[in-house]
Amino acid sequence: MERFEAEDGTRLAYRDEGTGLPLLALAGLTRDGRDFDYLARYLPEGTRLIRLDSRGRGRSDWAPPETYSVGQEAKDALALLDHLGIDRAAVIGSSRGGFLGLVIAATARDRLLGLCMNDVGPVVERDGLVRIGTYIGVEPTVPTLEEVADRTQSAMPGFDRVPPLRWHEETVRHYVQLDGRVGLTYDPALRASFEAAMAQPLPELWPLFDACAGLPLALIRGEASDVLARATAAEMRRRRPDMLFAEVPWRGHIPFLDEPAAISVIVQWLALVRDFASASAPAPLAEAPG
């Protein structure tokens, strides 16, 4: 992994793999760039996958808890593009990562080539967030990763037909084995920022979604999601009939992104993004007459 320095001095980790169309992958609240390991092997040739560990997650530095905000993390994502010398990129965002994409659309639309949202939209369900809040910042009570893996499925409602090996793969991405106990792969102080946000009325972000007008969009929803309601997905599709959409069976929040329905939509969306990038590229400067 490589690192760069955000505007406040926080060192942020990222992976930059492949060449071609820049695809910036932004993970969920307590997750990091490894969440896109499953998807990476299915991306079409000519895709440059850039994965950011947001501040306080993965191998990025922990930061003051007040900076664990969607606004700051969206700025960090743009700072990574600046660091890499990338003017425009497509964004795929899972859960909170999708919010970051919506903020970028509203504040720096000229940097976006398209947005794919994984089980997230302008309205999120409080019941789902409450469930997520029960484990943020809480270390497992069992001492080994193997025991965590055995319990992971019960903590992920809505998931079915998942091979046992996948729960072990998930466990090593979201926890770390320490001496006699299992630790977290993120700053436990994320809980404080989450609780502060939950103490306020949940905002509806339709203006941010509408700011995506003209950009290639895709939406992936877990069939049993308790975070993205079916009614919200339907309204998103009503506002953007051209938005690609897949509802992934036997998945809750969030789909792994290696499911056939998810891969199909992502590959189609990337093709639209390539067309959009070509059509919206600045025309070359004409040479002065000799």
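Below is a summary of the structure that appears in this document.

The rules behind these values
Residues numbered from 1 in each chain as written. Predicted model: local features only at pLDDT ≥ 70, side-chain atom pairs only at ≥ 80, totals over all residues. Heavy atoms only, no water. 1 Å grid on protein atoms, 1.4 Å probe; cavity = no way out; pocket = protein on both sides within 12 Å on 5 of 7 lines; lining within 4 Å. Points joined across faces, edges and corners; volume = space filled by probe spheres on them. Nonpolar A, V, L, I, M, F, W, Y, C, P; charged D, E, K, R; others polar. Pairing = 2+ DSSP bridges. Helix = DSSP H or I, 4+ residues; strand = E, 2+ residues; numbered from the N terminus. Axes fitted to C-alpha atoms, helices over the stretch in contact; angles between N-to-C directions. Salt bridge = Lys/Arg side-chain N within 4 Å of Asp/Glu carboxyl O. Buried < 20%, exposed > 50% of the residue type's maximum accessible area, 1.4 Å probe, protein only.

1. Considerations on empty space enclosed by the protein
Next, step 1: Applying the stated criterion across every chain, the model contains 2 cavities of 30 Å³ or more.
Next, step 2: Of the voids in this model, the largest cavity is the one considered here, and its volume is about 70 Å³.
Next, step 3: Split by residue class, the lining of the largest cavity holds 6 nonpolar, 2 polar and 3 charged.
Next, step 4: In this model, the second largest cavity occupies a volume close to 30 Å³.
Next, step 5: For the second largest cavity, the full set of lining residues is Ala27, Gly28, Arg31, Ser54, Arg57, Glu73, Arg96 and Leu100.

2. A word on the sheet that holds strand β3 (residues 21-26)
Next, step 1: Ordered in space as β1-β2-β4-β3-β5-β6-β9-β10, the 8 strands form an open sheet in which the pairing is mixed. Where the open sheet ends on each side, the last strands, each with one partner, are β1 (2-5) and β10 (244-248). The mean inter-strand angle of the sheet, taken between neighbouring strand axes irrespective of direction, is 20°.
Next, step 2: Bridging between strand β9 (residues 217-222) and β10 involves 5 bridges; their strand directions are parallel. Residue pairing in the sheet places Leu219 in a bridge with Phe245 of β10.

3. With respect to the pattern of salt bridges
Next, step 1: Throughout the structure, instances matching the rule amount to 25 salt bridges.
Next, step 2: For Asp82, the salt bridge is made with Arg111, and the minimal N-O distance between the two is 2.9 Å. Of this pair, Asp82 sits in helix α2 (residues 70-84) while Arg111 sits in the loop between α3 (96-107) and β6 (112-118), and the two are 29 residues apart along the sequence.
Next, step 3: On the basis of relative accessible area, Asp82 is assigned to the partly exposed category, the value being 49%.
Next, step 4: Across the pair Glu139 and Arg181 runs a salt bridge whose closest N-O atoms are separated by 2.8 Å.

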